Amino acid sequence: MSALSRGRRLGVDVGKVRVGVAISDPDGILATPLVTLSRDMGAAVDAVPSDIAELVRLVGEHEAVQIVVGLPVRLNGAEGPAAIDIRAYAGRLAEAVGEVPIALADERMSTVVATRRLAERGVRGRRQRAVVDQAAAVEILQSWLDAQRRQR
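Caption draft 1: Layout of the environment of Ser 143. Tracing the chain through its elements places Ser 143 in helix H4 (residues 125–151). A relative accessible area of 43% means that Ser 143 is categorised as partly exposed. Polar contacts involving the side chain of Ser 143 include one to the main-chain carbonyl oxygen of Glu 139, which spans 2.9 Å.

Here it is, written out as structure tokens:
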């Protein structure tokens, strides 16, 4: 497989309430936390939700070449209602963002790992809830970047 093209990538962890966003360096080596957005569940079907509009803005601001969205797969590999919701979200995001490709990445355990890592660093309670979505987005994006590198 060819080398990963140069450019920043956004990692996105979509939750029911919040959307965690991470970003990679242009060489696709390291994912870092970027921002947590409130999920806009009240947008009309034909309107662009505010969280998706903000993701589109972030893609432009950071000149992102790809978006990696975490797909919640069950431990047995099956997809449930949460995965269906995320596929629909990724579809709306794809329509809004245009030419920037979107990859779905297995996010099994990303929030669990992120929560554990934050706890190990002494980040707990309200402080943890404020950053766990970003940390989960970092886990999703970093795992995806590492997998791409292994395929080279």
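Moving on from the coordinates now.
Caption draft 2: Geometry of the sheet that holds strand S3 (residues 31–38). The sheet built from 5 strands is open, its strands ordered S3-S2-S1-S4-S5 with mixed pairing. Strands at the two margins of the open sheet, each flanked by one partner only, are S3 and strand S5 (102–106). The average angle at which neighbouring strand axes cross in this sheet is 25 degrees, direction not considered. Across 5 bridges, the pairing between strand S1 (residues 9–14) and strand S2 (residues 18–24) is antiparallel. Across the sheet, Asp 13 pairs through a bridge with Gly 20, a residue of S2. Taken strand by strand, helix H1 (residues 50–62) contacts S1, S2, S3 and strand S4 (66–71), and its axis lies near 150 degrees from that of S3.

Caption draft 3: Broad picture of the pairing of S5. Residues Ala 103 and Ala 105 of S5 are buried on one face, while the alternating residues Ile 102, Leu 104 and Asp 106, pointing to the opposite face, are not. Summarising the sheet, S4 and S5 pair through 5 bridges and their orientation is parallel. Its bridge partner lying in S5, Leu 71 is registered against Asp 106.

About the thresholds
- Residues numbered from 1 in each chain as written.
- Predicted model: local features only at pLDDT ≥ 70, side-chain atom pairs only at ≥ 80, totals over all residues.
- Heavy atoms only, no water.
- Helix = DSSP H or I, 4+ residues; strand = E, 2+ residues; numbered from the N terminus.
- Buried < 20%, exposed > 50% of the residue type's maximum accessible area, 1.4 Å probe, protein only.
- Polar contact = N/O pair within 3.5 Å; in protein donor to acceptor, adjacent residues only side chain to side chain.
- Pairing = 2+ DSSP bridges.
- Axes fitted to C-alpha atoms, helices over the stretch in contact; angles between N-to-C directions.
- Contact = heavy atoms within 4.5 Å.

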